[in-house]
Amino acid sequence: MEQPTQHWTNDEFLAYTLLYSAHADYFFDDEEKDLILSKINNNIYENILQEISKDNDYQSLQKILSYTQEHKFSNNEIDLLLYEIELLFMCDGEYDILEKNMMMNLTHLLKGSKNAELMH
């Protein structure tokens, strides 16, 4: 299956990834919303919120992976993105098992795809 091509700005990508991650524990609280809005403007937030609400989990992961591959994210850029996600998980004072699992899966997905690219 061909991965979707994304024409997002960096802020739109960050908003999408953080909104996707924020729902790892099935709760989206004010601390998480405030953190996301501190990084992007309200218009981007609203547009991306509409987009992500239409996507299922698989589609979201494909979009995130596709964007990092198309923009040839370096290991440092992937580490920075994962750091932003981890800050999001910790901002409400709890870093629960669902968030830890999401972090592990995103790390594996994003770093695994980077390593696969290097092998080819």
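Residues numbered from 1 in each chain as written. Predicted model: local features only at pLDDT ≥ 70, side-chain atom pairs only at ≥ 80, totals over all residues. Heavy atoms only, no water.

## Quick look at unusual backbone geometry
Inference 1: Backbone geometry at Tyr-26 places phi at a positive 70 degrees, although glycine is not the residue there.
Inference 2: The residue Tyr-26 is located in the loop between helix H1 (10-22) and helix H2 (30-37) in this model.
Inference 3: Overall, Tyr-26 belongs to the exposed group, its relative accessible area being 68%.
Inference 4: At Lys-72, a position not held by glycine, the phi torsion is positive, near 45 degrees. (Helix = DSSP H or I, 4+ residues; strand = E, 2+ residues; numbered from the N terminus. Buried < 20%, exposed > 50% of the residue type's maximum accessible area, 1.4 Å probe, protein only.)

## Comments concerning the packing of aromatic side chains
Inference 1: Counted by the stated rule, this structure contains seven aromatic pairs.
Inference 2: Taken together, a centroid distance of 6.2 Å and an interplanar angle of 35 degrees make the contact between Trp-8 and Phe-13 tilted. Phe-13 matches Trp-8 in its accessibility class, with the two residues each being buried.
Inference 3: Under the relative-accessibility criterion, Phe-13 is labelled buried at 3%.
Inference 4: Within the aromatic cluster, the residues linked to one another by ring pairs are Trp-8, Phe-13, Tyr-16, Tyr-67 and Phe-73.
Inference 5: A cation over a ring is seen here: Lys-100 above Tyr-95, with NZ or CZ 5.7 Å from the ring centre. (Phe/Tyr/Trp six-rings, centres within 6.5 Å; stacked < 30°, edge-to-face > 60°. Lys NZ or Arg CZ within 6 Å of the ring centre and 35° of its normal.)

## What about the side chain of Asp-55?
Inference 1: Summarising the element assignment, Asp-55 is placed in the loop between helix H3 (42-54) and helix H4 (57-70).
Inference 2: Judged by relative accessible area, Asp-55 falls into the buried class, the value being 18%.
Inference 3: At 2.5 Å, the side chain of Asp-55 forms a polar contact with the side chain of Tyr-16.
Inference 4: Side chain to side chain, Asp-55 and Lys-63 meet in a polar contact 2.7 Å long.
Inference 5: Residues in contact with Asp-55, not counting those within four places in the same chain, are Tyr-16, Ser-60 and Lys-63. (Polar contact = N/O pair within 3.5 Å; in protein donor to acceptor, adjacent residues only side chain to side chain. Contact = heavy atoms within 4.5 Å.)

## So, H4
Inference 1: Compared with the 20 Å implied by 1.5 Å per residue over 14 residues, the 20 Å span of H4 between its first and last C-alpha is a close match.
Inference 2: The set of residues buried in H4 consists of Ser-60, Gln-62, Lys-63, Ile-64, Leu-65, Ser-66, Tyr-67 and Thr-68.
Inference 3: Its side-chain oxygen placed 3.0 Å from the backbone nitrogen of Tyr-58, Asn-56 serves as the N-cap of H4.
Inference 4: Remark: Lys-72 follows H4 within two positions and exhibits a positive phi of approximately 45 degrees. (Expected span 1.5 Å × (residues − 1).)

## A closer look at the nonpolar core
Inference 1: Core analysis: the largest hydrophobic core is formed by 31 residues, its most contacted members being Phe-13, Ile-36, Ile-48, Leu-81, Leu-82, Ile-85 and Leu-110.
Inference 2: When contributions to this core are tallied by element, the ones reaching two or more residues are H1, H2, H3, H4, helix H5 (75-90) and helix H6 (97-119).
Inference 3: Excluding residues within four positions of it along the chain, Leu-82 makes contact with Met-103, Leu-106, Thr-107, Leu-110 and Lys-111. (Core = buried A, V, L, I, M, F, W, Y, C linked by side-chain atoms within 4.5 Å.)

## Overview of the side chain of Thr-17
Inference 1: Relative to the helices and strands, Thr-17 is located in helix H1.
Inference 2: In this structure Thr-17 comes out as buried when scored by relative accessible area, which is 1%.
Inference 3: When near neighbours in sequence (up to four residues on either side) are disregarded, Thr-17 contacts Ile-64, Leu-81 and Ile-85.

Spatial relationships are all this shows, so hold off on functional conclusions.
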